[in-house]
Amino acid sequence: MALFLNLAWLSVGVLKFGGLALALIGVAVFGWYFVRGNARAARDGTGKVPISSWRGPGPMLGAKMLAGGIALQVLSVLLAVMLPGRL
């Protein structure tokens, strides 16, 4: 039983820090594609933010990664609440 609890608490830590890393990478990916799309629009001289900067495949991937990271964070909190204290 102690081995199971130790592995469960280890998984809480992995989910917590893995979720944080995934969320931060998601923000970076979204920002990369958003800034790149806006820079291309600025070179064209239109001055408008293109829809692909928000809804293209790159920004959507970043948004999904951010949502996945947040979900992992929530899962780690829920798991930590359900587990008994550390031994």
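The notes below deal with the structure included here. Residue positions within a chain follow its written sequence, with the count starting from 1. The predicted origin of the model limits local features to residues at a pLDDT of at least 70 and limits the giving and counting of side-chain atom pairs to 80 or more, whereas totals for whole chains, interfaces and linings rest on all residues. As a convention, hydrogens and water are excluded, and side-chain values are obtained from all of the structure's heavy atoms.

## Remarks on the overall build of the protein
The helix count covers DSSP runs of H or I at least four residues long, the strand count covers runs of E at least two residues long, and both are numbered beginning at the N terminus. The helix and strand inventory of the protein stands at three helices and zero strands. Helices (α) and strands (β) of the protein occur, in sequence order from the N terminus, as α-α-α. Considered along the principal axes of its C-alpha atoms, the protein spans approximately 65 × 15 × 15 Å. Burial status across the protein gives 24% buried among its 87 residues. Of the contacts made within the protein by residues no fewer than 6 positions apart, 76% connect residues no fewer than 24 positions apart. Surface accessibility of the protein: about 6200 Å² in total, with carbon and sulfur atoms responsible for 75%. Between buried and exposed lies partly exposed: a residue is buried under 20% and exposed over 50% of the maximum accessible area for its type, with that area taken using a 1.4 Å probe on protein chains only. Whether two residues are in contact is decided by their heavy atoms: any pair within 4.5 Å suffices. Using a 1.4 Å probe, accessible areas were evaluated by the Shrake-Rupley method; residue-level cover was limited to the displayed protein chains.

## Thoughts on helix α1 (residues 2–44)
Multiplying 1.5 Å by the helix residue count minus one yields the expected span of that helix. Helix length check: α1 (43 residues) gives 63 Å between terminal C-alpha atoms against 63 Å at 1.5 Å per residue, within 8%. Of all the positions in α1, only Leu5, Ala8, Trp9, Val12, Leu15, Gly19, Ala23, Gly26, Val29, Phe34, Gly37 and Ala41 are classed as buried. Of the surrounding elements, those touching the buried residues of α1 are α2 (52–55) and α3 (57–82). Where α1 ends, the next residue or the one after it, Gly45, has phi of about 85°, a positive value.

## Here's the deal with a nonpolar patch on the surface
Together, Val27, Leu66, Ile70, Val74 and Leu78 make up an exposed nonpolar region whose accessible area comes to about 420 Å². With four residues, the single largest contributor to the nonpolar patch is α3. Looking at where Leu78 falls in the secondary structure, it is placed in helix α3. Think of a patch as exposed residues, more than 30% relative accessible area, with no salt bridge, where like charges cluster within 9 Å and nonpolar side chains (Val, Leu, Ile, Met, Phe, Trp, Tyr) cluster within 5 Å. Any carboxyl oxygen of Asp or Glu within 4 Å of a side-chain nitrogen of Lys or Arg constitutes a salt bridge here.

## Structural notes on the nonpolar core
As used here, the term nonpolar core means buried Ala, Val, Leu, Ile, Met, Phe, Trp, Tyr and Cys residues forming a set that is joined through side-chain atoms within 4.5 Å. Listed in full, the five residues of the largest apolar core are Leu5, Ala8, Trp9, Val12 and Leu83. If we skip the residues at most four places from it in the chain, Val12 touches Ser76, Leu79, Ala80 and Leu83.

## Observations concerning the packing of aromatic side chains
Side-chain rings of Phe, Tyr and Trp (the six-membered ring for Trp) are treated as a pair once their centres are within 6.5 Å; stacked means planes under 30 degrees apart, edge-to-face means over 60, and tilted covers the remaining angles. All told, the structure shown has three aromatic pairs when counted by the stated rule. Measuring from centroid to centroid gives 6.0 Å for Phe30 and Trp54, while their planes differ by 55°, and the two rings are tilted. One end of the pair, Phe30, is in helix α1; the other, Trp54, is in helix α2, and 24 residues separate them in sequence. By relative accessible area, Trp54 is classed as partly exposed at 46%. Geometrically, the ring pair formed by Phe34 and Trp54 is edge-to-face, given 4.8 Å between the ring centres and 65° between the ring planes. Of the two residues, Phe34 is situated in helix α1 and Trp54 in helix α2; the sequence distance between them amounts to 20 residues.

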